[in-house]
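Residue-level structural notes
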Amino acid sequence: MTRLTFHGAAETVTGSRYLLEAPDGTILVDCGLFQGLKELRLRNWNPLPFNPAKVDAVVLTHAHIDHIGYLPKFVKAGFRGPIYATPATVELAEILLMDSARNQEGDARYFNRKGTSKHAPALPLYDEPDVPPTLRLMRPTGRGQWFNPAGSIWCQYHDAGHLLGSTLIQVEVRDKPKPLRITFSGDVGRYAAPLYHDPNPPPACDYLICESTYGDRDHGPEQVLDQLADVVNESIRRGGVMLIASFAVGRAQQLIYLLGVLLERNRIPEIPIYLDSPMASSATKIFLDHVDEHDLSESRLTGRDHVLEARNVTLARSAEESKRINNVESGAVIIASSGMMTGGRILHHLKRRLPDPRNTIVLGGYQAAGTRGRDLQEGRRTIRVYGSDVPVRAHVAEISAISGHAGRSELLRWLQPLEPPRRTFITHGELPSANALARTLRETRGWDVVIPKMEQAFELEAAP
Ligand SMILES: [Zn+2]
């Protein structure tokens, strides 16, 4: 009997960890960090309910921290097997895990300074020296070929169209004449999204594990280029500065690309663009090395120089260069991370820009509960930054069309060609989203759909 246990991304969007135990081998699909609400973040510190040393391999869908950010801790706890990922995911994982380690160290320093931790001294979940041993276990594995991570478990990657290197995973457990087929959706990308290809259709399966980040919402019919042009031009009319909170990996490159297209088509004036993230510039290099993975059809220009190095872009590498951007008064775009404003250089920009009604703060992407991004989205009048309450007088705008996640209709479009699986597990969504998608699949397609709870396990069997 094969067993699937949900150790994360159950009734929430972060901490993706699915344990698949076949009779002769065990893999963990994704090994993500819990983020957002404190009760979730504390879960990162719980002892694991299974022994990492007994897991044969980890198979990753993509490099976002909520899918890989627990790996260094997992290795510290005894995991020694291979970690399978696409070549681009392996490269992105290096910069994302190093950044995550620095954040963990920063948090520990903060708690020690404030003396608020129960533990003295507070320790980071992992630190920078923990990252290289994790990276050494990585096995770059291309899409469209079967690989055999453990026992009778075979996997094949397909493009999920969500981030450079992102995949959905087709699994077969071949311990019987008829294989048990399982499909893990990973994070499903959007159709006709700039920079990314459309997600591949889901392979036929007995069991489907499907994300539901936007299971209850669509992104609206507006095209991302129109939406971005409107927000930029409106921000210039207000007379201030436009500050975009962006993931450094993926989103920042997409924004630079789109702003380049808008400049090229004279849809926005020649304004300076500041990319304030050393990590974003490292990530950009990786994006340039994988030009063949991008869909660049929006632009007349092609190739290396254009993709992510649009004109007017100034890169702020050092902290001094970052602070110098504070002198800019108007008519500029600043892109800084993190995307949900939980840390990073965006914080000092928020402190500088939020109190001025001429400025525009742009949310680009999903804002998890418990983050400053969600607070701004919900219209809070003050936001806490570096221990002080900063008044929100700036205009808050959203570019919903730039999301990396399929909206509700796109998820349903993606699922459309699939024959009914024996059972579908809805994960990676807050409960209202997961419920909405589950209800639709039950009512319109008659599927057997379950929203698993944290640590819930299920026995899986091939169709007779
Ligand atoms: Zn993701």
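Everything numeric here is computed off the predicted structure, so don't read it as measured data. (Residues numbered from 1 in each chain as written. Predicted model: local features only at pLDDT ≥ 70, side-chain atom pairs only at ≥ 80, totals over all residues. Heavy atoms only, no water.)

This next bit is on the sheet that holds strand β7 (residues 146-150). Taken together, seven strands build an open sheet; the order of strands is β7-β8-β9-β10-β11-β20-β21 and the sheet is mixed. Each of the sheet's edge strands pairs with one partner strand only, and the pair in question is β7 and β21 (449-450). Sheet topology places strand β9 (residues 167-173) next to strand β10 (residues 180-184); five bridges connect them, and they run antiparallel. Paired with Val 171 across the bridge in β10 is Ile 182. Most of the contacts of helix α13 (residues 408-415) go to strand β11 (residues 207-211), to which it runs at about 160°, and overall it touches β9 and β11. (Pairing = 2+ DSSP bridges. Helix = DSSP H or I, 4+ residues; strand = E, 2+ residues; numbered from the N terminus. Contact = heavy atoms within 4.5 Å. Axes fitted to C-alpha atoms, helices over the stretch in contact; angles between N-to-C directions.)

Relative to the assigned elements, Arg 311 resides in the loop between α9 (304-307) and β14 (313-315). Sequence-wise, Arg 311 and Pro 49 are 262 residues apart; in three dimensions their C-alpha atoms are separated by 51 Å. Not counting chain neighbours up to four residues away, the residues in contact with Arg 311 comprise Leu 263, Glu 264, Glu 270 and Ile 273.

Looking now at empty space enclosed by the protein. Counting across every chain of the model gives two cavities of 30 Å³ or more. Roughly 60 Å³ of internal volume is contained in the largest cavity. The wall of the largest cavity is formed by 13 residues, among which Tyr 18, His 67, Ser 185, Gly 186 and Thr 427 lie closest to the centre. Partitioned by chemical class, the residues of the lining of the largest cavity number three nonpolar, seven polar and three charged. Arg 143, Asp 159, Gly 161, Leu 163, Leu 164, Gly 165, Tyr 196, His 197 and Glu 293 together form the lining of the second largest cavity. When its residues are assigned to classes, the lining of the second largest cavity shows three nonpolar, three polar and three charged. (1 Å grid on protein atoms, 1.4 Å probe; cavity = no way out; pocket = protein on both sides within 12 Å on 5 of 7 lines; lining within 4 Å. Points joined across faces, edges and corners; volume = space filled by probe spheres on them. Nonpolar A, V, L, I, M, F, W, Y, C, P; charged D, E, K, R; others polar.)

Looking now at the pairing of strand β20 (residues 423-427). The buried fraction of β20 amounts to four of the five residues, a majority that puts the element mostly inside the structure. Note: β11 against β20, five bridges, orientation parallel. Within β20, the residue paired with Tyr 207 across the bridge is Arg 423. With helix α14 (residues 431-445) bridging β20 and the parallel β21, this β-α-β connection has right-handed handedness. (Buried < 20%, exposed > 50% of the residue type's maximum accessible area, 1.4 Å probe, protein only. Right-handed = clockwise from strand over helix to strand, strands pointing away.)

Taken by themselves, the reported measurements are silent on function.
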